[in-house]
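Single-letter residue listing:
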Amino acid sequence: AWLHSFEANLRRDQRRFPEALKSIERALAVDDGELRGKILISKANILSACGDIEGSAAALEAAAPLVDALREPRLALVLRFNLLEDLCQLGRAEEAAPRLAEVRMLAERLGETLDLARVVWLSGKVFAGLGRAADARAAFEQVRQEFRHHQLAYDAALVHLDLSLLLLDEGRTGEVRQIAEEMLWIFQAQGVRREALIALGVFCEAARRETATTELVRKVFRFLRRAELDVGLRFDEEGDEAS
């Protein structure tokens, strides 16, 4: 099971996604239960890299009861965080909301500042999905300052996009332009891949012209999320968000 799972992750890194999924299914078929939670997390990562958020959420849902939060608190936190984020992306924030307290508890138990900041970010996503725009904006404003302080450019870019979605829904295009101007430091930061900068550049240019739309912001956000797991992904400005 471990060998098939290892092969699946290798094929994912090679962008051979159909083969990766076949290998992960072979791993699940022969697993005796000991590795199942981790194999399902690998499956979720492959599906997420393919843009299949619904499939990723289903795999994480199946993995959740198999990962012991006492024995592996870090893995449990990452799993549950990603599951709730998937649910928010799918428009199922009402399902994520009751589970937010558990994610916060795991982060508090680990006691890492950035984990706690990311829980605030996740709270903002849930608030946005529940229509609590003011609470969501407060959460995003707080965490984007935290990410800038720690020079976490990629995470900061995603938070800026989350905030821009809220503002565009309210027709506040001038404030979205201001957010794009405040993102300049991200383009100068280390470690942000070229294709991610291209996608962000498309958003910032549209924001500068006050022509940015929620569709464009979601497109750029989806691309950045997939690009975290698929380094070979290319941004397509005119067609689908990635190829």
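Reading guide: rules and limits
- Residues numbered from 1 in each chain as written.
- Predicted model: local features only at pLDDT ≥ 70, side-chain atom pairs only at ≥ 80, totals over all residues.
- Heavy atoms only, no water.
- Helix = DSSP H or I, 4+ residues; strand = E, 2+ residues; numbered from the N terminus.
- Buried < 20%, exposed > 50% of the residue type's maximum accessible area, 1.4 Å probe, protein only.
- Contact = heavy atoms within 4.5 Å.
- Axes fitted to C-alpha atoms, helices over the stretch in contact; angles between N-to-C directions.
- Parallel < 35°, antiparallel > 145°, perpendicular 65-115°, else oblique.
- Left-handed = near helix turned anticlockwise from the far one by under 90°.
- Nonpolar A, V, L, I, M, F, W, Y, C, P; charged D, E, K, R; others polar.
- Core = buried A, V, L, I, M, F, W, Y, C linked by side-chain atoms within 4.5 Å.

Student: Tell me what's going on with the side chain of S5, and back it up with residues and numbers.
Tutor: You can see S5 is positioned in helix α1 (residues 2-13). Take S5: its relative accessible area is 9%, and that puts it in the buried class. The residues touching S5, leaving out its near neighbours within four places in the chain, are I24, A27, I39 and S42.

Student: Could you give me a rundown of the packing of helix α10 (residues 153-169) against helix α13 (residues 194-208), with the residues and numbers involved?
Tutor: Describing two packed helices takes the angle between their axes plus the distance from one axis to the other. Direction vectors running N to C along α10 and α13 enclose 25 degrees, while the axes themselves pass 12 Å from each other. Here α13 runs roughly parallel to α10, going by the angle between their axes. Seen along the crossing, α10 lies across α13 with a hand that is left-handed. Contacts between α10 and α13 pair Y154, A157, L161 and S164 from the former with A196, L200 and F203 from the latter. Looking at the contact of α10 with α13 residue by residue, the class counts come to 6 nonpolar, 1 polar and no charged.

Student: So, the nonpolar core: which residues are in play, and what are the values?
Tutor: Within the largest apolar cluster, 45 residues are counted, with the highest numbers of intra-cluster contacts made by L161, M183, I186, L200, F203, V220 and L224. Residue assignment for this core shows that the elements contributing at least two residues are α8 (113-129), α9 (133-149), α10, α11 (173-182), α12 (184-188), α13 and α14 (214-229). Per-element accounting of this core gives the leading share, 12 residues, to α10. Ignoring anything within four residues of it in the chain, the contact list for M183 reads A157, H160, L200, F203 and C204. Grouped together as the second largest cluster of nonpolar side chains are 36 residues, L40, L84, V103 and L106 included.

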